[in-house]
Number of protein chains: 4
Amino acid sequence: MRYITAGESHGPQLTTIIEGVPSNLPFSVEKINAQLERRQKGHGRGRRMQIEKDQVKVLSGVRHGYTTGAPITLVVENNDWKHWQGIMSAEPVEDGEQRRRVSRPRPGHADLNGAIKYHQRDMRNILERSSARETTMRVAVGAVGRLLLEAFGITVAGQVLQIGEVKAERVELPIAEHIARTEESPVRCLDKQAEVLMMQAIDKAKEDGDSLGGLVEVRVEGVPIGLGSHVQWDRKLDGKLAQAVMSIQAFKGVEIGIGFEAAGRPGSQVHDAITWSKEEGYRRESNRAGGIEGGMTNGMPIIVRGVMKPIPTLYKPLMSVDIDTKEAFSASIERSDSCAVPAASVVAEAVVAWEIAQAMCEKFPSDSLDDMLENVRQYREYTERF
Amino acid sequence: MRYITAGESHGPQLTTIIEGVPSNLPFSVEKINAQLERRQKGHGRGRRMQIEKDQVKVLSGVRHGYTTGAPITLVVENNDWKHWQGIMSAEPVEDGEQRRRVSRPRPGHADLNGAIKYHQRDMRNILERSSARETTMRVAVGAVGRLLLEAFGITVAGQVLQIGEVKAERVELPIAEHIARTEESPVRCLDKQAEVLMMQAIDKAKEDGDSLGGLVEVRVEGVPIGLGSHVQWDRKLDGKLAQAVMSIQAFKGVEIGIGFEAAGRPGSQVHDAITWSKEEGYRRESNRAGGIEGGMTNGMPIIVRGVMKPIPTLYKPLMSVDIDTKEAFSASIERSDSCAVPAASVVAEAVVAWEIAQAMCEKFPSDSLDDMLENVRQYREYTERF
Amino acid sequence: MRYITAGESHGPQLTTIIEGVPSNLPFSVEKINAQLERRQKGHGRGRRMQIEKDQVKVLSGVRHGYTTGAPITLVVENNDWKHWQGIMSAEPVEDGEQRRRVSRPRPGHADLNGAIKYHQRDMRNILERSSARETTMRVAVGAVGRLLLEAFGITVAGQVLQIGEVKAERVELPIAEHIARTEESPVRCLDKQAEVLMMQAIDKAKEDGDSLGGLVEVRVEGVPIGLGSHVQWDRKLDGKLAQAVMSIQAFKGVEIGIGFEAAGRPGSQVHDAITWSKEEGYRRESNRAGGIEGGMTNGMPIIVRGVMKPIPTLYKPLMSVDIDTKEAFSASIERSDSCAVPAASVVAEAVVAWEIAQAMCEKFPSDSLDDMLENVRQYREYTERF
Amino acid sequence: MRYITAGESHGPQLTTIIEGVPSNLPFSVEKINAQLERRQKGHGRGRRMQIEKDQVKVLSGVRHGYTTGAPITLVVENNDWKHWQGIMSAEPVEDGEQRRRVSRPRPGHADLNGAIKYHQRDMRNILERSSARETTMRVAVGAVGRLLLEAFGITVAGQVLQIGEVKAERVELPIAEHIARTEESPVRCLDKQAEVLMMQAIDKAKEDGDSLGGLVEVRVEGVPIGLGSHVQWDRKLDGKLAQAVMSIQAFKGVEIGIGFEAAGRPGSQVHDAITWSKEEGYRRESNRAGGIEGGMTNGMPIIVRGVMKPIPTLYKPLMSVDIDTKEAFSASIERSDSCAVPAASVVAEAVVAWEIAQAMCEKFPSDSLDDMLENVRQYREYTERF
């Protein structure tokens, strides 16, 4: 499977083409829209989330409720587009319109680097594409990955572990309950006390004209043993997960299992003892590895965390420089959220779901769901007997 | 550029083919060997490092001291191979030899997952390839990347920030001095006091039959603005760096700039103000972004950190299960190091160097160093004028 | 650069996302539409060509008449869609609709192979995607490639050399005149006498309920020396051109330069003598190689020919088998053209244009047209001095 | 699966790394060497074929006669290397050696294009890599592909159909007999009369100081239905085969099934009627499509032909230009064959075998031969029942 996304933040639409999805997969537009809706919720989102109620259109690759094996085109229209038609027009325009050129790069954004790289004096040509609005499509793509995982009883769940200085206590729940609880939480947090504090911190940041980042975790249960591979660096599943998570807008770090804690622990407290029972086959007594050893899944839940920096668009601005006048200025304000960490948790789920779905398609015959289901069933039996 | 590595830990040799290196690059075998030697040093390495004095052979793609544009073959022979010829033979063998089958998977290794994935009852067929011995070739590949970076005045430096519970104080030095100091340190640490404590901790772990992980940092100075891209998730440089680092054996996390600290800071203390001066062009007042904004370099030093778990091969073993008898056992001991963090620092430098070199070749015309040097020079001038 | 196309023949639209096009390329919707129109013309096209007047919508990656470096989304709507909404709906449908299932595979189509591969009992799920309607998007993509080539003075021209048994005499013209003449010819043929005979042959085939294939040639002038590479099999430009042309629906062969004639000639009449003059630099006295030696361009015009089989949809049907009843039947008739060779010539131009544009972007710095123009200019100077 | 080859014609060795070969494949060095030997035979080969008796060394990825899933390193040493050590040394050399610089490009070779592209004034740096010596590794890689195909009862056979002006009559034989007969023929031709004439033509060309090209055909029997795909241009199997064959040194054309003949025939004589029987399932009454419809296999034998131009190294030289003096000269003679078409037939088999093996690995679960065998068996049963 592969996909490309396209579209600008204030352009007519976002588009993705997804290639290589198995045929005969039940394709639910409602489930994809439900994921898009999850991305738009969360305490701390700004006004735009109300303007844009994202809905996907399926324009190829699906017929009568099932995938056909052909490439899938998904589109999410930008409702706001009507107000931006002139500014964002693909057609040549008269000079007047051009005056609204963006010459002031915002710190923490792609603006200046992109402008230099792509020879743009109007940084709107950069920021429209670098915007986190693009994560809408990554959520849509991930939702397709989830449809596939669902068929194999693989579940993906996210949670927010930290917002600003507020850290949640770790709460271990069966995954269904875990999901139910985070869905009810305005900050996708399992720790009820932290939830309240997180919301307060967000409100406070908003008042202060500041923004908050945080820590999110994704958990995947039900994966077969042996996704990914140890044989070549670019086939290791942990490497792919790291790329997927780090490539989310505003993410600055990623870790698997105990992650950075591993630096400080002795080896005897890092690895997971292997056990075996007739009923369950091989298991690990603990899951410090986060479900991945040697670049491959070991059958335990996959645990990936990512850190999101505070949204760089600031009400409390940093200094920057106008590229035309070279004069310093206080970085301009665009309408924005004060905290997007709950949404980022949904995006992280999506990119992880996609990578696991992709790894499933690489390991198993994936032209058609029929073949794939049967082959995975046989492999799971074999795994238990191994 | 692209590369594949091959070879088993106790096979005859490790091999890599590197494709797409610009022609006319001065190719110094000595410099590559120097990198291989750096990987083998460090307080805490075991006996094997003395057995194998790694030396590279250049078997294609280089002539009379310069690359030709043709694929480069590098080989490092395993000196130990003479003792393993029967066990590791490619040829069919008599039953007797087969008795030495490995049926006992080690916790924290690829052994069991790989055996299941690849249908192997002899886990030697997995562990020989999943071994960190493979990092030898990644260092060699990275050394080729460094030769290229050198031509553009780009410098890569590593350091160890933590081993076990011992954390170094951050020391900021000019990069040449930084390199000189870490080269002299048996644990590649800039903080002299921490250095002593780290060595003690390693010795203690060894006595206890335990092992230690740690934290390493790579710094790259002199990169042009605009490597990587914001336009598509899989072209973002931070994502590629994350994959490269996470795919190093035993690495469990990666972060860029202030990384995980970004979760707890308000936005006003996360982003880097933009300045401009006639002499230097655009700069950032701070470098919390670690040199990457919007998936692209911003011209500031690239800062990447990775965490290595303690070496899973343990003198103080964990429980595991024999795959033949299904009986529990105390995981077997293979000769090993008690701490490989200083070496891991060299490996991390190598994979980062490669990614930056690769990004350079993508941005600039890279058939020949001649073209590339001239184009980079022009681009840097343009950047200053922008 | 890379692209994916999507869309079904009777679905709502065809879509493509094109990634990696240099920024600041003047982007003319008119020129793309002109190419789409060329594909729809030609003696022998059926009724559908009148129904669907293809027009492209640009939905991302272009602003105010120039590319921005961001991915470009192009859409061509199927005007016919309104009559197919139920049959082609992505939504689950009631049983009634399902009755129109296609259970009768047409010889010479993907129908049966695709149905087996993708586990489809309704072959509409295959034929909608395998349809040559998809070439619309390849022409659109190729038109973007042409915009780029134009900026470098590279010209692409096609012609029809044979339709059915009618072969054209070879006519050598300056490329501008060549283009003008083929644009005026209803069969895109330079030989006026053959033109008449071709049209007669097409009319005759139509009367007979039969169809005709033919031979097309694409010529590219103005390419720099050294596109492609000899160093690795998958980087050879001739190999890429061969894949591009052979992957056009209904194409069964591809040749470069004198192509299959090379089998029968002695070496002394196959290769092209090298000359040099102060004014022009290196040239070849002849162009039997078709502009490519050693997998690279040599600066002479690129000459690629492809053969198209007669359209498999037949008024004069072949026998086939119903997959439900296993009964033999005379293959069903879908509305169709009797000869699509003139259109195929336009498609072949498009895929060749794309490959050359792609090869340009690989050889030269392609983030921005500004950089690329300057670098190509310098390279051409260097080439003349070599 | 993927592979890269490396190595110069007169360097120490040729190397390839092959990635993604299923584990547990019986790996026979003898069978690979047998293929290498086939490449070296044939009426018309020059002296070098006697110097270099190619033998493969297996340096990774295989243990005790079976693949392990790890990357496979294959090496063929150049026996001639001892005489070329100074000229081809990777080490910097004294000026004296440099005098043997090649400044005279041969027509029909990569020499001049490559020298310009890669900024080389010594064209040895190009010709050493562009040499057809590289096909040795493609045969080795193809031989690994054949080992895999063999496990599934898929057979690959080649033949020579034309050498110079001598064309063979088409002889249809059961594939085992076909193979036996071509193995006995010094020109790999099934038509005994043509065989004699071909040998005479080769001898005559040699006397005349000229060289001959020809036409080769590869036939693959036993392939499952549905390899390749119709859904995206770059996944079509015919496109991949075309790239593979066209990328062979000196090949100028490729066709599938009736290929270029399709231009002249009416549709009713081009497509293959579909039949069905309880015993065999779906078949085609004829095989004009050459086993591929809609970019996918249809279960009939795959038929691919390629044309090889006469070897460009000429005893009867063409004019060229010295790049230093710009003086015209009569192109220099390197030791060479007068006809390499029989060998080219073996190379064509190899690249086709690889593409089919690769397509098998894409369609079926290919981590381990065990899984793959079982899944292919089930798929074939399903195919018969469809």
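Residues numbered from 1 in each chain as written. Chains lettered and ligands numbered in written order. Predicted model: local features only at pLDDT ≥ 70, side-chain atom pairs only at ≥ 80, totals over all residues. Heavy atoms only, no water.

S.K.: Can you break down the overall build of chain A residue by residue, with the values?
M.R.: Within chain A, the regular secondary structure consists of eleven helices and 17 strands. Relative to a compact globule of 386 residues, whose C-alpha radius of gyration would be 21 Å, chain A shows 22 Å and is just as compact. In terms of principal-axis extent, the alpha carbons of chain A reach across some 75 × 50 × 40 Å. Burial analysis of chain A (386 residues in total) assigns 70% to the buried set. (Helix = DSSP H or I, 4+ residues; strand = E, 2+ residues; numbered from the N terminus. Rg over C-alpha atoms; globule rule 2.2 N^0.38 Å. Buried < 20%, exposed > 50% of the residue type's maximum accessible area, 1.4 Å probe, protein only.)

S.K.: Requested: an account of the packing of helix α6 (residues 135-151) of chain C against helix α10 (residues 341-363) of chain C, with residues and values cited.
M.R.: Two quantities define a packed helix pair, namely the angle between the axes and the distance from one axis to the other. All names here are of chain C. Packing of α6 against α10 leaves a shortest axis separation of 7 Å and a crossing angle of 45 degrees. Relative to α10, the element α6 is oriented oblique. Handedness of the crossing formed by α6 with α10: left-handed. Contact residues: Thr-135, Arg-138, Val-139, Val-141, Gly-142, Gly-145, Arg-146, Leu-148 and Leu-149 in α6; Val-346, Val-347, Glu-349, Ala-350, Val-351, Ala-353, Trp-354, Ile-356, Ala-357, Met-360 and Cys-361 in α10. (Axes fitted to C-alpha atoms, helices over the stretch in contact; angles between N-to-C directions. Parallel < 35°, antiparallel > 145°, perpendicular 65-115°, else oblique. Left-handed = near helix turned anticlockwise from the far one by under 90°. Contact = heavy atoms within 4.5 Å.)

S.K.: Residue-level account of the relation of the copies chain A and chain B, with values.
M.R.: Of the two same-sequence chains, chain A is brought onto chain B (RMSD 0.0 Å, axial shift 0.0 Å) by a rotation of 180 degrees. On this basis, the relationship between the two copies can be described by a two-fold rotation axis. Of every C-alpha in chain A, the one belonging to Gln-243 of chain A sits nearest the axis of rotation, 2.4 Å from it. A shared binding surface is used by both copies, with 100% of the interface residues of chain A retained as interface residues in chain B. (Least-squares fit on C-alpha atoms with pLDDT ≥ 70 in both.)

S.K.: Residue-level account of the interface of chain D and chain A, with values.
M.R.: In this complex, chain D contributes 19 residues to the contact, which on the side of chain A involves 19 residues. Note on chain D versus chain A: buried area summed over both sides is about 1,500 Å², and carbon and sulfur give 33% of it. In this assembly, chain D and chain A are joined by six salt bridges. Note that Arg-2 of chain A is salt-bridged to Asp-234 of chain D, the shortest N-O span being 2.8 Å. At the junction of chain D and chain A, the tally comes to nine residue pairs in polar contact (both at pLDDT 80 or more). Per-element tally for the side of chain D that touches chain A: the top contributor is helix α11 (residues 369-385) of chain D, with five residues. (Buried area = accessible area lost by both parts, 1.4 Å probe. Salt bridge = Lys/Arg side-chain N within 4 Å of Asp/Glu carboxyl O. Polar contact = N/O pair within 3.5 Å; in protein donor to acceptor, adjacent residues only side chain to side chain.)

S.K.: Tell me about the packing of aromatic side chains, and please be specific about residues and values.
M.R.: Across all of its chains, the model carries 23 aromatic pairs over all chains by this definition. The interplanar angle of 10 degrees and the centroid separation of 5.5 Å between the aromatic rings of Tyr-3 of chain A and Trp-233 of chain B together place this pair among those described as stacked. A residue pair is termed interchain when its members come from two chains, as with Tyr-3 of chain A in strand β1 (residues 2-6) and Trp-233 of chain B in the loop between β9 (214-221) and α9 (237-246). The buried category is assigned to Tyr-3 of chain A, whose relative accessible area is 6%. Owing to a relative accessible area of 10%, Trp-233 of chain B belongs among the buried residues under this scheme. (Phe/Tyr/Trp six-rings, centres within 6.5 Å; stacked < 30°, edge-to-face > 60°.)

S.K.: If you had to explain the pairing of strand β15 (residues 302-308) of chain A to someone new, which residues and values would you point to?
M.R.: Residues and elements named next belong to chain A. With respect to burial, β15 is a largely interior element, seven of its seven residues being buried. Burial along β15 is two-sided: the face carrying Ile-302, Val-304, Gly-306 and Met-308 and the face carrying Ile-303, Arg-305 and Val-307 are both buried. Here strand β9 (residues 214-221) pairs with β15 via seven bridges, running antiparallel. Bridging across to β15, Val-218 finds its partner in Val-304. The pairing of strand β10 (residues 251-256) with β15 spans five bridges and is classified as antiparallel. Looking at β15, one finds that Ile-256 is bridged to Val-304. (Pairing = 2+ DSSP bridges.)

S.K.: If you had to explain the sheet that holds strand β15 (residues 302-308) of chain C to someone new, which residues and values would you point to?
M.R.: Taken in spatial order, the ten strands of this open sheet run β8(C)-β7(C)-β9(C)-β15(C)-β10(C)-β10(D)-β15(D)-β9(D)-β7(D)-β8(D), and their pairing is antiparallel. Each end of this open sheet is capped by a strand with a single partner; those strands are β8 (166-167) of chain C together with β8 (166-167) of chain D. α10 of chain C contacts β7 (155-163), β9 (214-221), β10 (251-256) and β15 of chain C of the sheet and is inclined by roughly 145 degrees relative to β7 of chain C. Each of β7 (155-163) and β9 (214-221) of chain D touches helix α7 (residues 175-184) of chain D; the most contacted strand, β7 of chain D, lies at about 50 degrees to it.

S.K.: Which residues make up the environment of Gly-239 of chain A, and what are the values?
M.R.: If you trace the backbone, Gly-239 of chain A turns up in helix α9 (residues 237-246). Sequence separation of Gly-239 of chain A and Gly-295 of chain A is 56 residues, and the distance between their C-alpha atoms is 7.5 Å. When near neighbours in sequence (up to four residues on either side) are disregarded, Gly-239 of chain A contacts Gln-243, Met-246 and Ser-247 of chain B.

S.K.: Tell me about the interface of chain A and chain B, residues and numbers included.
M.R.: Taken together, the contact pairs 107 residues of chain A with 107 residues of chain B. If you look at where chain A meets chain B, you find zero salt bridges. At the junction of chain A with chain B, the criterion picks out 43 residue pairs in polar contact (both at pLDDT 80 or more). Taken together, the residues of the side of chain A that touches chain B break down into 47 nonpolar, 35 polar and 25 charged. Summarising the sheet, β10 of chain A and strand β10 (residues 251-256) of chain B pair through three bridges and their orientation is antiparallel. What sits directly across from Glu-255 of chain A, in β10 of chain B, is Gly-253 of chain B. (Nonpolar A, V, L, I, M, F, W, Y, C, P; charged D, E, K, R; others polar.)

S.K.: Describe in detail the environment of Ser-268 of chain D, supporting the description with residues and values.
M.R.: Counting through the fold element by element, Ser-268 of chain D comes out in the loop between β10 (251-256) and β11 (274-277). Considering only alpha carbons, one finds Ser-268 of chain D and Lys-204 of chain D, 64 residues apart in sequence, at a separation of 43 Å. There is a polar contact of 2.7 Å between the side chain of Ser-268 of chain D and the side chain of Asp-210 of chain C.

S.K.: So what's going on with the pattern of salt bridges? Residues and values would help.
M.R.: Taken as a whole, this structure holds 130 salt bridges over all chains when the rule is applied. Put simply, Glu-349 of chain C and Arg-146 of chain C hold a salt bridge, and the shortest N to O gap is 2.7 Å. Remark: Arg-146 of chain C occurs in helix α6 and Glu-349 of chain C occurs in helix α10; sequence separation between them is 203 residues. Summarising the burial analysis for this pair, Glu-349 of chain C and Arg-146 of chain C share the class buried. Note that Arg-106 of chain D is salt-bridged to Asp-111 of chain D, the shortest N-O span being 2.8 Å.

S.K.: Now, about the sheet that holds strand β6 (residues 72-77) of chain B: what can you tell me, with residues and values included?
M.R.: Residues and elements named next belong to chain B. Pairing in this open sheet of four strands is antiparallel, and the strands run β1-β2-β6-β3 from one edge to the other. Strand pairing shows two members of the sheet lacking a second neighbour, β1 (2-6) and β3 (56-60), which therefore form its edges. Mean inter-strand twist for the sheet, computed between neighbouring axes without regard to direction, equals 20 degrees. Where helix α6 (residues 135-151) meets the sheet, its contacts fall on β1, β2 (13-19) and β6, and the angle it forms with β2 comes to roughly 30 degrees.

S.K.: Kindly report on the relation of the copies chain D and chain A, identifying the contributing residues and their values.
M.R.: One copy of the chain maps onto the other through a rotation about an axis plus a displacement along that axis. For the pair chain D and chain A, the superposition axis carries a translation of 0.0 Å, the fit reaches an RMSD of 0.0 Å, and the rotation angle comes to 180 degrees. Comparing interface residues between copies, 100% of those in chain D also lie at the interface in chain A; the contact surface is shared.

S.K.: Can you tell me about the side chain of His-271 of chain A, naming the residues and giving the values?
M.R.: With respect to the helices and strands, His-271 of chain A occurs in the loop between β10 and β11 (274-277). At a separation of 3.1 Å, a polar atom in the side chain of His-271 of chain A contacts the main-chain carbonyl oxygen of Pro-310 of chain B.

S.K.: Kindly report on the packing of helix α9 (residues 237-246) of chain C against helix α9 (residues 237-246) of chain D, identifying the contributing residues and their values.
M.R.: Two elements in contact, α9 of chain C and α9 of chain D, have axes whose closest approach is 7 Å; the angle formed by their N-to-C orientations is 155 degrees. Considering their axes alone, α9 of chain C and α9 of chain D lie roughly antiparallel with respect to each other. Every pair of crossing elements has a handedness; the one defined by α9 of chain C and α9 of chain D is right-handed. In contact with Asp-238, Gly-239, Lys-240, Ala-242, Gln-243 and Met-246 of chain C of α9 of chain C, α9 of chain D contributes Asp-238, Gly-239, Lys-240, Ala-242, Gln-243 and Met-246 of chain D.

S.K.: Would you mind going over the side chain of Asp-191 of chain B in detail, with residue names and values included?
M.R.: Along the chain, Asp-191 of chain B turns up in the loop between α7 (175-184) and α8 (192-207). No salt bridge is formed by the buried Asp-191 of chain B; its nearest oppositely charged neighbour, Arg-181 of chain B, is found at 7.1 Å. (Lys, Arg positive; Asp, Glu negative; His and termini not counted.)

S.K.: Go over the confidence of the model for chain A with me, naming the residues and quoting the values.
M.R.: Reading predicted coordinates in detail is not appropriate for stretches of low pLDDT. Counting all residues, the mean pLDDT for chain A is 94, and 95% of those residues have values of 70 or more. Predicted complex, confidence summary: ipTM 0.97, pTM 0.97. (pLDDT = per-residue confidence, 0-100.)

S.K.: Go over unusual backbone geometry, please, and point to the residues and values.
M.R.: If you check the backbone angles, Ala-250 of chain B has positive phi at about 75 degrees while not being a glycine. Assignment of secondary structure puts Ala-250 of chain B in the loop between α9 and β10. The phi angle at Asn-24 of chain D is positive, at roughly 65 degrees, despite the residue not being glycine. Here Asn-24 of chain D falls in the buried class, since its relative accessible area comes to 17%.

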